[in-house]
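Chain by chain, the residues run as shown.
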Amino acid sequence: MIQTDFMRLITADYIFPISEDPINNGYILINHDGEIVSLLNEAEFSKENFENIPLEKHHGIICPGFVNSHCHLELSYLKNLVPQKKGLAGFVRDLQKIRNQHSEKEILLAIEKAEQQMYDNGIVAVGDICNGNSSFSTKAKSKIKYYNFLELFGFENDKADEIYNRALLLSDELVKTAGLNADYSIIPHSPYSVSDKLFKKIGESCYAKGNIISIHNQETKDENTLFKSKSGEIAQMLLSFGLNLDQWNPSGFNSMPSVMVHLPKCNKTLLVHNTFTNKEDIEWVNNYSKMIWWCFCPNANLYIENALPDFSIFKNLKNRLTIGTDSLASNHNLSILEELKTIQNNTNFFSMDDLLKMATQNGADFFDYKELGSFEKGKKPGVNLISNVDLKGLKLRPESAIKKLV
Ligand SMILES: [Zn+2]
């Protein structure tokens, strides 16, 4: 006999538990704490007596809360300010020009608004990039779970110690101010913005602490060109920042294999963007490490590069694909559902179940958030309703919308 006080009973056209096949006209019973008590199909439901619990009936798909595995909450104040489709080098240059024109108060208000938007969009956990402390106070009082990636830049070897020590100070501040949301790793920004020495320092420390790692990967074609031939727009951008590339030698390979050798093989590593990753890169890195996850941020890729990853080459990695929104500097909103629509509209390699798994369980696996990601009994994953769905074809429509139910 189930104790039914303060329980919620929710039904919809489809329930996608992720841990098992979708249930047509399924039912989900949740306790006052958001914990999954049971999941029933129509036949099982008809045998139970839930008379004293009001039934919440919805049209559409019910799925667990979303995990946003790549965001930069601290850049929220740059919404609609960076011009679109100018390529990564152009984006970074434009970003540098407008970065210091806002007050602390404006930056904080934008962070709080963006965080509320994520909550309303059914996001329950976020892997968030931090360059500074501006997001810490919001995280301290947030209902969303955050993992903080303290991100380092520094292309000059002789500055590695200084840059790393600054990150240690930032981590102290995070631990003091972000309450329950103070979990963190110190990570490299990207292959083209971190020196070999800094890479090694970060890699050694992540290895020693067993930390998860995240790195921007192959977001632009010229990231590969830099490592192959020390030319292209990223090389020009580095020179325009006044960096001296005389001592830096290209590896002759693509960017990702050139730098992954500095990172430990046994730590979970999230490669973010992968817009210009090819089949050989995937094969290489999966031979190098068995701990690789991939994050797609398609709407940011369209915003910055007007390009998308070749999704077809990832079709055998369905358990290792996650979704990120990137920041409001490079996206119109922080919505996992909008990212899924873009993937669905540009490839037919993924079913609705695959897409929802990328948005939920896979991210939860990467961050090791055991309570999140699926409707297994005892978990507290959050409950989302996706309405206005094509229920016959099980496809998202442009007008499909998200509502957080739990
Ligand atoms: Zn990013």
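Only a predicted model underlies this, so the values are computations on that prediction, with no experimental measurement involved.

Each domain of the chain was delimited in the assignment, giving domain 1 (8–63 + 392–404) and domain 2 (66–372). The straight-line distance from the C-alpha centre of domain 1 to that of domain 2 is 33 Å. With 15 residues of domain 1 in contact, the opposing surface of domain 2 contributes 17 residues. Here domain 1 packs against domain 2, burying approximately 1500 Å² in sum over the two surfaces, 70% of which is carbon and sulfur. For the domain 1 face of the interface with domain 2, the top three residues by lost area are Ile18, Leu396 and Lys404, together amounting to 46%. Counting the contacts that link domain 1 with domain 2 gives zero salt bridges. Taken together, the links from domain 1 to domain 2 amount to three residue pairs in polar contact (both at pLDDT 80 or more). Elements with a contribution of two residues or more to the side of domain 1 that touches domain 2: strand 7 (61–64) and strand 17 (401–404). If one sorts the elements of the side of domain 1 that touches domain 2 by residue count, strand 17 sits on top with three residues.

With that out of the way, let us pick up the sheet that holds strand 11 (residues 184–188). Two modes of strand pairing occur in sheets, parallel and antiparallel, and in both the strands are linked by backbone hydrogen bonds. Strand order in the open sheet formed by four strands is 8-9-10-11, and the pairing between neighbours is parallel. The open sheet has two edge strands, strand 8 (66–71) and strand 11, and neither has a second partner. Neighbouring strand axes in the sheet, compared pairwise and without regard to direction, differ in orientation by 20° on average. One ladder, built from six bridges, connects strand 9 (residues 123–130) with strand 10 (residues 145–152); its direction is parallel. Across the sheet, the residue bridging to Val126 is Tyr146, located in strand 10.

Looking now at the sheet that holds strand 12 (residues 213–217). Read across the sheet, four strands follow the order 12-13-14-15 without closing on themselves; strand pairing throughout is parallel. Bordering the open sheet on either side are strand 12 and strand 15 (321–323), each of which pairs with just one other strand. Pairs of neighbouring strands in the sheet enclose a mean axial angle of 30°, with direction left out of account. In this sheet, strand 13 (residues 269–273) lies alongside strand 12 in parallel orientation, the contact comprising five bridges. Each bridged residue has a counterpart across the sheet, and for Ile213 the counterpart in strand 13 is Thr269.

Parameters at a glance
- Residues numbered from 1 in each chain as written.
- Predicted model: local features only at pLDDT ≥ 70, side-chain atom pairs only at ≥ 80, totals over all residues.
- Heavy atoms only, no water.
- Domains from an automatic or database assignment.
- Contact = heavy atoms within 4.5 Å.
- Buried area = accessible area lost by both parts, 1.4 Å probe.
- Salt bridge = Lys/Arg side-chain N within 4 Å of Asp/Glu carboxyl O.
- Polar contact = N/O pair within 3.5 Å; in protein donor to acceptor, adjacent residues only side chain to side chain.
- Helix = DSSP H or I, 4+ residues; strand = E, 2+ residues; numbered from the N terminus.
- Pairing = 2+ DSSP bridges.
- Axes fitted to C-alpha atoms, helices over the stretch in contact; angles between N-to-C directions.

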